[in-house]
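Here is how the chains run, residue by residue.
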Amino acid sequence: MAKKRRTSKKASPKKKQGFKLSKKNTIILGSFLIVLAIALFFSFISFYFTWQEDQSLLSQFSDRNAEAENLLNKFGAAVSHFFMYRGFGLASFVFPVLFAITGLYLFLGLDGKRLWSKWIWGMLGTIWVSIALGFFFFEQPLLGGLIGYELNDFLQDYTGKIGVFLILIFTLVVLLVRLVNFSPEAIGNYFRAIRFSQPKPSVATTGQEPIELDLEPEESETTIDTYTHKKDIPPLNEAAGLDVNVPELEENDIALKVEKVEQEEEESDVKAKKLVKDFGEFDPKLELGNYKFPPINLLDPHGISGGITINQQELEENKNKIVATLKNYKIGIAQIKATIGPTVTLYEIVPEAGIRISKIKNLEDDIALSLAALGIRIIAPIPGKGTIGIEVPNKNATIVSMRSVIASSKFQKAEMQLPIAFGKTISNETFVVDLAKMPHLLMAGATGQGKSVGLNAVITSLLYKKHPAEIKFVLVDPKKVELTLYNKIERHFLAKLPDSEEAIITDNTKVINTLNSMCIEMDQRYELLKLAMVRNIKEYNAKFKSRKLNPNEGHKFLPYIILVIDEFADLIMTAGKEVEAPIARLAQLARAIGIHLIIATQRPSVNVITGIIKANFPARIAFRVTSKIDSRTILDTQGADQLIGRGDMLFTQGNDITRLQCAFVDTPEVAKITEYIGSQRAYPSAHLLPEYVGEDSGTGIDYDISERDSMFREAAEVIVNAQQGSASLIQRKLKLGYNRAGRIIDQLEAAGVVGPFEGSKARQVLVPDIFSLEQLLENEVQNKNR
């Protein structure tokens, strides 16, 4: 018995088996591998569309508040970065296939002996594809991944390019022979089968076969210009025009002529489609095809990587104080809730039945006193909610960085023509609007309240979203210091007059010429739209891209033009009506042809923001102002005087008013963005506006007394009384524009009232008093009558 026991003990190790899953665990593992394969597949596809946006988030994987653009968020971004970028590139799609096959084998309980061969050959194929992509697309490492790039580089160091090519050919033959039974006989049989399976030619045609018609080929060939350069094939719209004299034609002749016109139009459409088929749609970005948009890491997070920190104690204290203050005035509250924003918290209250809203509205100052806070604003009622809102500033405001709003999915996925990310709302949502639909923007606020930052936020949003071929800026900076950073992108994004040395306009005289030049551009664009028979710039550019418009007829791709004026009040003071008139004309008419205006001022008084301007600028932004009158001037209601500053702003687009915290973009960040763009290949020059020839201004232009300015006599009296010959004096005393005052000075010089121009000095007054002036003017009249 002892011997048998010993024998059984010795035999026991033979019964010991390796690790083996149960049937249930096999099904679970198989389903997991299938799900993993699907996840990898969608992660890999999403990677080629979102890798640039997600690159900066790879180091923030543990941050729960960080959000990636990949379809599978941070997991997808990290996994696809590992496989696609650091791994095998496009060849990594083999892995989801292998995981799916393995999962199906396990899930269905199939024999898995052949799985090893699939994995071995799959890995060999992955390596081959990765090296091949690295070899043929050496300048695009994303296609072959880091492994393909490095292996290709390693092999070339020892065998050269020809050697690597031969190795790829040999390994491809090995894979084809082993996997698909490749042989020369199989290829011969395949081509012989194709040869004998071709149908015999037949005269009759089936309904599915297209019939090629050639209507008057000789005439159509002579009326259409063709080009052979591959990427510069121009659009085409050569619809033939017919001069038809209706009274002299019979009905049949007219019908034939109309039919011929329709046929020729159809023929031109066919030719346009053929050009698109052969060469693709016209690409306005082609000249700067290698242009790279500025990366998100050029913007600073400003120390805020997560969301808003909720101070529960502060919320409770404010709630109790609001309830107590209202209770003191016998106002009961049925419900109260808080919405926390980056700068302001909105307390929504539902008063008890029978409470008048105006009674709560009148307690604005009392609530501010009880909370010991500035910037209390009561919204009674909140539109669409049926509640009353009380906005209370947070004790510790959160900076809204430009980086956070640019990186948000709402901005990245915005399907707008001119998306602008202003900042965040009270509910901490990114606020994105379309400038093309505004269509113009008026911005006002006291000094130091965030206007210049707001302008930079607008320009930065467009620089991150639009290609240089799609948008141009006309920048007016009377202060000469706010917009100078954008000089670096002059040949990429700026527009200017043909004779102007600098693209950023600081001289008021050039502002007037530029505005009139833009009016000429507007008229020219409307003429192009009329010829193209479209209604707006979007339809026109779509027709031009589809090669239905001929450049030989003056058609061209039209970029959006954004006019930005930083200090409008200074222009009104110095130029007056000469600035207001073209701006009003552009604001009224320029929307459809892609010209949009952004005007900022620190003095929103009625003589600066006139009724004509307000009528054509429905979209307005108000930063903190000093009085309720200024708030009503910009917004038509009070509220801007109750803001707390530092980017706190109100936005309206003609209906409701939204309180926002403007995104903060600092000057060094703008400098880095412009430096990044300016270092890339640019156009030969800035975008040139049409030439505008203003009225001449020089000595002796007004020898005819009848052509003198209507204010000539008053201006002469002002000059003689003050004994100072300067255009600025006439501007101030008579409230005239710069150009008009300059012309009057020239007329006074021609009349002998003032002397010639002497540089920085004021002109010499040649008439000592009013009596002498009267004699001088009377003598002129008498001499003319003779």
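Note: the structure precedes this text.
K.L.:
Go over a nonpolar patch on the surface with me, naming the residues and quoting the values.
P.N.:
Among the surface-exposed residues, F136, F137, I162, F165, L166, I169, V173 and V177 lie close enough to one another that they form a single nonpolar patch of about 740 Å² accessible area. Per-element accounting of the nonpolar patch gives the leading share, 6 residues, to helix α6 (residues 141–180). Residue classification places F165 among the partly exposed residues on the basis of a relative accessible area of 37%.

K.L.:
Break down helix α19 (residues 568–575) for me, citing the residues and quoting the values.
P.N.:
F568, A569, L571, I572 and A575 are the residues of α19 that are buried. What you see down the axis of α19 is that its buried residues fit within an arc of 160 degrees, all on one side. Following α19 by one or two positions, G576 has its phi on the positive side, about 60 degrees.

K.L.:
Kindly report on the pairing of strand β4 (residues 388–393), identifying the contributing residues and their values.
P.N.:
In terms of burial, β4 is largely enclosed, as 6 of its 6 residues are buried. Burial along β4 is two-sided: the residues I388, I390 and V392 and G389, E391 and P393 are all buried. Across 6 bridges, the pairing between strand β2 (residues 344–351) and β4 is antiparallel. Paired with T345 across the strands is V392, a residue of β4. The sheet contact formed by strand β3 (residues 377–379) and β4 spans 3 bridges and is antiparallel. By the bridge assignment for β4, I379 is matched with G389.

K.L.:
Could you give an account of the pattern of salt bridges, naming the residues involved and the relevant values?
P.N.:
Pairs can form between side chains of opposite charge whenever their charged atoms are close. As enumerated under the stated definition, the model contains 22 salt bridges in all. For K319, the salt bridge is made with E316, and the minimal N-O distance between the two is 3.0 Å. Placement of the pair is K319 and E316 together in helix α10 (residues 312–328), with a separation of 3 residues, close to one helical turn. The class for K319 is partly exposed, based on a relative accessible area of 27%.

K.L.:
Tell me what's going on with helix α12 (residues 364–371), and back it up with residues and numbers.
P.N.:
Taken as a whole, α12 has its buried residues at E364, I367, A368 and L371. Projection of α12 onto a plane perpendicular to its axis shows the buried side chains occupying an angular sector of 100 degrees, all on one side. Exposed and facing more than 90 degrees away from the buried side of α12 are D365 and L369. In this structure, the buried side of α12 is in contact with α10, α11 (357–361), β3 and β4. Directly beyond the C-terminal end of α12, a positive phi value near 55 degrees is found at A372.

K.L.:
Which residues make up the sheet that holds β2, and what values go with them?
P.N.:
Reading across the sheet, the 4 strands line up as β1-β2-β4-β3 and stay open at both edges, with antiparallel pairing between neighbours. Since the sheet does not close on itself, it has two edges, and those belong to β1 (333–340) and β3, each with one partner. Each adjacent strand pair in this sheet contributes to an overall mean axis angle of 20 degrees, direction not counted. Sitting on the sheet, α10 touches β1, β2 and β4, and the angle it makes with β2 is about 40 degrees.

Criteria and thresholds
- Here, residues in each chain are numbered from 1, in the same order as that chain's written sequence.
- Whole-chain, interface and lining totals are the exception, using all residues; otherwise, since this is a predicted model, local features are given only for residues with pLDDT of at least 70 and side-chain atom pairs are given and counted only at 80 or more.
- Computation of side-chain values covers all heavy atoms of the structure but excludes hydrogens and water.
- Patch rule: a residue counts if its relative accessible area is over 30% and it has no salt bridge; like charges are joined within 9 Å, and nonpolar side chains (Val, Leu, Ile, Met, Phe, Trp, Tyr) within 5 Å.
- Residue exposure ignores everything except the shown protein chains as possible cover, and the areas themselves are Shrake-Rupley values with a 1.4 Å probe.
- What counts as a salt bridge is simple: a side-chain nitrogen of Lys or Arg found within 4 Å of a carboxyl oxygen of Asp or Glu.
- What counts as a helix is a DSSP run of H or I of at least four residues, what counts as a strand is a run of E of at least two, and both are numbered from the N terminus.
- Throughout, exposure labels follow a simple rule: accessible area from a 1.4 Å probe, protein chains only, divided by the maximum for the residue type, with under 20% read as buried, over 50% as exposed, and the rest as partly exposed.
- In this context, the arc is that of the directions from the helix axis out to the C-beta atoms.
- Pairing between strands is defined by DSSP: at least two bridges between them are needed.
- Only heavy atoms matter for contacts: two residues are in contact if any of them lie within 4.5 Å across the pair.
- For helices, the axis comes from a line fit to the C-alpha atoms of the stretch in contact; other axes are also lines fit to C-alpha atoms, and the angle between any two N-to-C directions lies between 0 and 180 degrees.

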